[in-house]
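Read off the chains here:
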Protein chains: 2
Amino acid sequence: MTETAFVVFTPSGKRGRFAHGTSVLDAARSIGVDLDSVCGGLGLCGRCQVEAGSGHFAKFGIESAPAHLSPPGEKEDRYANRRGLADGRRLGCSAQIQGDVVIDVPPESQVHKQVVRKRAEARDYTIDPAIRLHYVEVAEPDMHNPRSDFERLTDALGEQWSLDGLTADLHVLQGLQRALREGEWSATVAVHRAQRIVTVWPGFHERAYGAAFDIGSTTIACHLAEISSGSVAASAGRMNPQIRFGEDLMSRVSYVMMNPGGEAELTEAVRGAVNALIGEVAEQAGVARGDILNAAFVGNPIMHHLLLGIDPTELGGAPFALAASGGLTLQAAGIDLDINPGARIYVLPCIAGHVGADAAGVVLSEAPHRADETVLIVDVGTNAEIVLGNSERLLAASSPTGPAFEGAQIVAGQRAAPGAIERVRIDRDTLEARVKVIGCDLWSDEEGFWEATAATGVTGICGSGIIEALAEMYLAGILLADGTIAGAARARTERIAEEGRTFRYLLHPGEPAIAIHQNDVRAIQLAKAALMAGARLLMDRFEIARVDRIVLTGAFGSHIDPLYAMVLGMIPDCPLDKVSAAGNAAGTGALIALLDCAARAEIETVVRAIEKVETAVEPAFQRHFVDAMAIPHGTADYVHLPRAVTLPAAESAPAPAGRRRTGRRKR
Amino acid sequence: MTETAFVVFTPSGKRGRFAHGTSVLDAARSIGVDLDSVCGGLGLCGRCQVEAGSGHFAKFGIESAPAHLSPPGEKEDRYANRRGLADGRRLGCSAQIQGDVVIDVPPESQVHKQVVRKRAEARDYTIDPAIRLHYVEVAEPDMHNPRSDFERLTDALGEQWSLDGLTADLHVLQGLQRALREGEWSATVAVHRAQRIVTVWPGFHERAYGAAFDIGSTTIACHLAEISSGSVAASAGRMNPQIRFGEDLMSRVSYVMMNPGGEAELTEAVRGAVNALIGEVAEQAGVARGDILNAAFVGNPIMHHLLLGIDPTELGGAPFALAASGGLTLQAAGIDLDINPGARIYVLPCIAGHVGADAAGVVLSEAPHRADETVLIVDVGTNAEIVLGNSERLLAASSPTGPAFEGAQIVAGQRAAPGAIERVRIDRDTLEARVKVIGCDLWSDEEGFWEATAATGVTGICGSGIIEALAEMYLAGILLADGTIAGAARARTERIAEEGRTFRYLLHPGEPAIAIHQNDVRAIQLAKAALMAGARLLMDRFEIARVDRIVLTGAFGSHIDPLYAMVLGMIPDCPLDKVSAAGNAAGTGALIALLDCAARAEIETVVRAIEKVETAVEPAFQRHFVDAMAIPHGTADYVHLPRAVTLPAAESAPAPAGRRRTGRRKR
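Note that the structure is predicted; figures quoted are calculated from it, not measured.

S.K.: Account for the relation of the copies chain B and chain A, with residues named and values stated.
M.R.: Turning chain B through 180 degrees and shifting it by 0.0 Å along the axis lays it on chain A, with an RMSD of 0.1 Å. As the rotation angle and translation indicate, the two copies are arranged about a two-fold axis. When the interface residues of chain B are mapped onto chain A, 100% of them again fall at the interface, so both copies present the same face.

Given below as structure tokens:
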């Protein structure tokens, strides 16, 4: 009789009795333990690494010992010499069971690795890529059994990987002969959704990559990740070159309307930038373009359409009809991506005409649909996209905030770039201001500030800077609740000056002098009122007066200090410790969709269920908008911050998350 | 209570009781009667035409009358004015049931029309195209329910046509906005396999077409058919322009081997010819290229690979490995077809390295797998492809006949073209010959022959001509059983002349004089022995000494007189009335696969089950080959034609089927 041993796999706890001599990989597979392997047991990929436990495991009633596995064989020695093998680690395909043993499968050896995110409230996800690699050994051609190369390949995939009914792209058939012969009848096959062969490499090919994109109107961000481990190999961002056709979305739609064929120019521009970014991250990570097999995209509806080569004109006016909105799986070649010719792309669903795939990405990343608390998510940009709800019900809307938050319509406004004021503090007594600019860690009243900013100068004020400036002006009494710059305060400071019938406040002397003008305040009031009105409209629909939690996302949303946003009345009241910045949640959503197939199905289902609210046709929106113009706004539902709120000292001010800058000193 | 009536549909016999006022189309659909409709009941397409029976139908116990349907309404009048409506015909979508009635659905109103073929032994098939058209009315965009154009389209297809879970090509999404708005929220949608939207036309679009191709080494043939009726709208053929790279298959493979990138030139050439043919048939039929949505292809393995852009080099030598052999469904754009951008193609499966998709087409057309009798099918060309079997078992092989049957290797040989001798009779007493040439209906001894052939001249002898010449020479005693031209017969005619150590026979005096040389006989002996050896090898495997039926296909196979083929020992003995010519059965197979989806699945299953025999590695093939050299060959299994067989008089000779020629007189 064959001798057998009792084996328990951790962390799954799956267990079974196996004949001595069974390889750990075979044992694991036979009972459904999640143990990875690309090479199918040849000792090439090292993905099936395990560790044997040592000692008595009372829980399982086992006396386990590393010696209960066969000593390392030739295959393991070869692998260890070539790639290194940590102490205690064994290759599951080589180590054979020779006695009772507890075998631990470390996270990196699991096919469905769990990705745990840093922010406690962010959802974790599981690596489950759309495209997987499989190494196979293929039978040589035989005149007596004239199966084609492709049939022998699919037969091998059936036998060695239990993949059946596979079809292939034409380019795969065209390149198959060479791949199989170059690999001497071995090949690594990339299979999409366990259905379609998209690439065949000769011999053993270890890694494949994917790229996740957030196509913003202003910037495009990209992460390159290894698709089976989920590890991000490189990230990069660049300006959206469509800016030359118009700063904001509507001016780009106008360009298309005025210039026949303009949509093709805009499409070419955005695809060119995507390809350039791919080149950049590939070079950073030392990855060949041909090894990139998958890409996932989020973007607002207009970017979504232009990337896909769809005319965005319809999105420029009511009824804001999207051409297509569901999640889309397409060939990368269809949008001219210069990556592997068999690569596929996934485009996340759009929610509505103004609430795009970027908002879907935010939902996927922040997972309000899994929350018990009622969460308000605000993606602040030219349009604010707003999502409200919990696991029971989700609402979404967009609010026409306009470009003021991005520094447009502000006299000294500018984009967030070195030299732009991003932090402001105003002394409550002297009404003197001090500022911080992007690219320098010193406050303007600290020693060395002028020298440190000499290169860039202090060129203007960016979105988060203007929010702080206005909130500080309000807290210092320079700005009244109705948004008027208080001329009366002239008595206390020379920083306030008359300007026609209104006043301005000098934020930062210098060349140029940076001042806040009355019209700047009005522009921000309009923008923040729109944002708040959108949130209020959704809260009305949801029939709640307060939200449990607020998440600010997007480049601007992540840089605002939530306290100041609340002082200004941009967002509803909420305990400060329940307001968080999620960074580029849309981009994170794209990354999750890239790496986790189940997440694609999840977001498509969630988006279908979201109740879409069109602010433009809601009479209540106007009412909320008017109510929200004041600072803090006048709705009685809210608990307002007291005028004399004690702000943290500048040095210990909460550091807004997200923006990275070279040379920033540790605070 | 609602009044009801009893309705019987013929020919299906399906019946039911329906409320008065129910439309015939609705009634038919509700009980699964196969009644066509593209427009979904708007009275636009006229596909749902029916006829009401008149009188007592004892079988059904019904007193039926046309008056038991509502009088023709506005919809029918409009249709009749526009398109005409035959007497007694009603539109099923308009006519309402008002009393008991027998309703006949004529064949052209059935979705799954049966196509009955002329030859009794050929298989019928059912129209069931891969791509169907559906007219839909789509909801307009609505801000309060912001579904995208594509969602509203698929919702409409779900509601109006029960099509669910549809996806679409990217180009469909790109063109959708315009199509829906141009059609004022109505569109005709082409759906592939009830799964994927491949085209959307604005408004009502009535017809879609498909093209069936037989890609031969020498000629390419094309049929254009309307895919829902199956009616062939146009046919055309042209030379395969690859001929400039080499006359026969092997010289083209050599070209690829010798010229790097040569396969791309050959691929471009064949695709160019396919596109030119499409232009030709589309013009003939007055069809726009954009209305062609599907194409089906057959061809030998080398043509199959070159069409698909696959290097054919591997097919040039043992083990003759195909790159891909299964049935393939691909995008037409992938092989550069200039038809609708969403068009799909289907390529029939190849059987083995030498037995191509053309042989699969022959099998699909001739359906030996459905036969009770054991059928031998011979597709004669440079390689003869041979299929033997019945519904129990099928075998296939190819035999290296070489190009002699096509006139190569024959001193006066030429392709079948005007001026080539195609029929020969030799007087048994005088040993005088008379001939017929392609392009002229007169025998050479008839009055007016010389005038009638003055334009072309008598330029040579084609494949079918040489078969007849040799068989007649044999029957007249000029050719001995071992293939020697009998010098002894010189005593009886001056037509035989010495030529070195051998003799020649003058077939036709003139300029040039056409003679049969000893080496010509040897070349044909080799070719016919190869063909017979292949057939015998399969018969051995099948363990039969005789076949029940023989089908000759292919351009050459269809032109040979079966009697002479049997005299020469090209094919096994078989009652003459059991030998038939199937014309271009491969092309017919492509047409069937184009029009009938079920046939695609059928041929894929049949091809997988075929036992492939590689003649090159079968020792028995050599033996059969040597045995088959003689005329008639020396195997005792066969019943030989007596030397003194009485041939029919020339005037009443059986007319070989297939070749069409302008100006041929009726015999």
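S.K.: Tell me about the environment of Asp104 of chain A, residues and numbers included.
M.R.: All names here are of chain A. Tracing the chain through its elements places Asp104 in strand 7 (residues 101–104). Taking the relative accessible area as the measure of exposure, Asp104 reaches 31% and is therefore partly exposed. Sequence-wise, Asp104 and Gly53 are 51 residues apart; in three dimensions their C-alpha atoms are separated by 7.1 Å. Not counting residues up to four positions away in its chain, the partners in contact with Asp104 are Thr10, Pro11, Val50 and Glu51. Here the side chain of Asp104 touches Thr10 through a polar contact of 2.8 Å, side chain to side chain.

S.K.: I'd love a proper account of the packing of helix 3 (residues 149–161) of chain A against helix 4 (residues 170–182) of chain A, names of residues and values included.
M.R.: All names here are of chain A. At a closest axis distance of 10 Å, the pairing of helix 3 and helix 4 adopts a crossing angle of 70 degrees. If you check the angle between helix 3 and helix 4, you find them roughly perpendicular. Contact residues: helix 3 offers Asp149, Phe150 and Leu153, while helix 4 offers Leu173, Leu176, Gln177, Leu180 and Arg181. Its residues assigned to classes, the contact of helix 3 with helix 4 shows 5 nonpolar, 1 polar and 2 charged.

S.K.: Can you break down the sheet that holds strand 7 (residues 101–104) of chain B residue by residue, with the values?
M.R.: All names here are of chain B. The strand order across the open sheet built from 5 strands is 2-1-7-3-6, with neighbouring strands paired in mixed fashion. In this open sheet, the two strands that pair with only one neighbour each are strand 2 (15–19) and strand 6 (89–91). The sheet shows a mean angle of 40 degrees between the axes of neighbouring strands, taken without regard to direction. Inspection of the sheet shows strand 3 (residues 49–52) paired to strand 7 by 2 bridges, in the antiparallel sense. Bridging across to strand 7, Glu51 finds its partner in Asp104.

S.K.: Report on the interface of chain B and chain A, specifying residues and quantitative values.
M.R.: Counting residues at the interface gives 39 residues for chain B, matched by 39 residues for chain A. Together chain B and chain A conceal approximately 3,300 Å² of surface at their shared face, both sides included; 63% is due to carbon and sulfur atoms. The largest per-residue losses of area from chain B upon contact with chain A belong to Met143, Leu170 and Gln177 of chain B, which jointly make up 20% of the total buried on that side. The interface formed by chain B and chain A holds 2 salt bridges in total. Applying the counting criterion to the chain B and chain A interface returns 16 residue pairs in polar contact (both at pLDDT 80 or more). When residues of the side of chain B that touches chain A are traced back to their parent elements, those giving at least two are helix 3 (149–161), helix 4 (170–182), helix 7 (301–308) and strand 18 (328–331) of chain B. Element by element, the count of residues in the side of chain B that touches chain A is highest for helix 4 of chain B, at 6 residues. Residue composition of the side of chain B that touches chain A, by class: 22 nonpolar, 8 polar and 9 charged.

S.K.: I'd like a description of the environment of Gly210 of chain A, backed by residues and values.
M.R.: All names here are of chain A. Tracing the chain through its elements places Gly210 in strand 14 (residues 209–215). It is 6.3 Å that separates the C-alpha atoms of Gly210 and Glu226, two residues lying 16 residues apart in sequence. Contacts of Gly210, omitting those with residues within four sequence positions, involve His223, Leu224, Ala225, Ile227, Ile292, Asn294 and Leu594.

S.K.: Describe helix 4 of chain B, listing the residues and the values that go with them.
M.R.: Taking 1.5 Å per residue, 13 residues should reach 18 Å; helix 4 of chain B reaches 19 Å between its end C-alpha atoms and fits that length. Where helix 4 of chain B bends most, the angle comes to about 50 degrees, and this point is Leu176 of chain B. Along helix 4 of chain B, the residues classified as buried are Leu170, Val172, Leu173, Leu176, Gln177, Ala179 and Leu180 of chain B. On its buried face, helix 4 of chain B is in contact with helix 7 (301–308) and strand 18 (328–331) of chain A together with helix 3, strand 11 (167–168), strand 12 (186–192) and strand 13 (196–202) of chain B. Positive phi shows up at Glu184 of chain B, right after helix 4 of chain B, with a value of about 50 degrees.

What counts and what doesn't
Residues numbered from 1 in each chain as written. Chains lettered and ligands numbered in written order. Predicted model: local features only at pLDDT ≥ 70, side-chain atom pairs only at ≥ 80, totals over all residues. Heavy atoms only, no water. Least-squares fit on C-alpha atoms with pLDDT ≥ 70 in both. Contact = heavy atoms within 4.5 Å. Helix = DSSP H or I, 4+ residues; strand = E, 2+ residues; numbered from the N terminus. Buried < 20%, exposed > 50% of the residue type's maximum accessible area, 1.4 Å probe, protein only. Polar contact = N/O pair within 3.5 Å; in protein donor to acceptor, adjacent residues only side chain to side chain. Axes fitted to C-alpha atoms, helices over the stretch in contact; angles between N-to-C directions. Parallel < 35°, antiparallel > 145°, perpendicular 65-115°, else oblique. Nonpolar A, V, L, I, M, F, W, Y, C, P; charged D, E, K, R; others polar. Pairing = 2+ DSSP bridges. Buried area = accessible area lost by both parts, 1.4 Å probe. Salt bridge = Lys/Arg side-chain N within 4 Å of Asp/Glu carboxyl O. Expected span 1.5 Å × (residues − 1). Bend = angle between axes of the 7 residues up to and from the residue.

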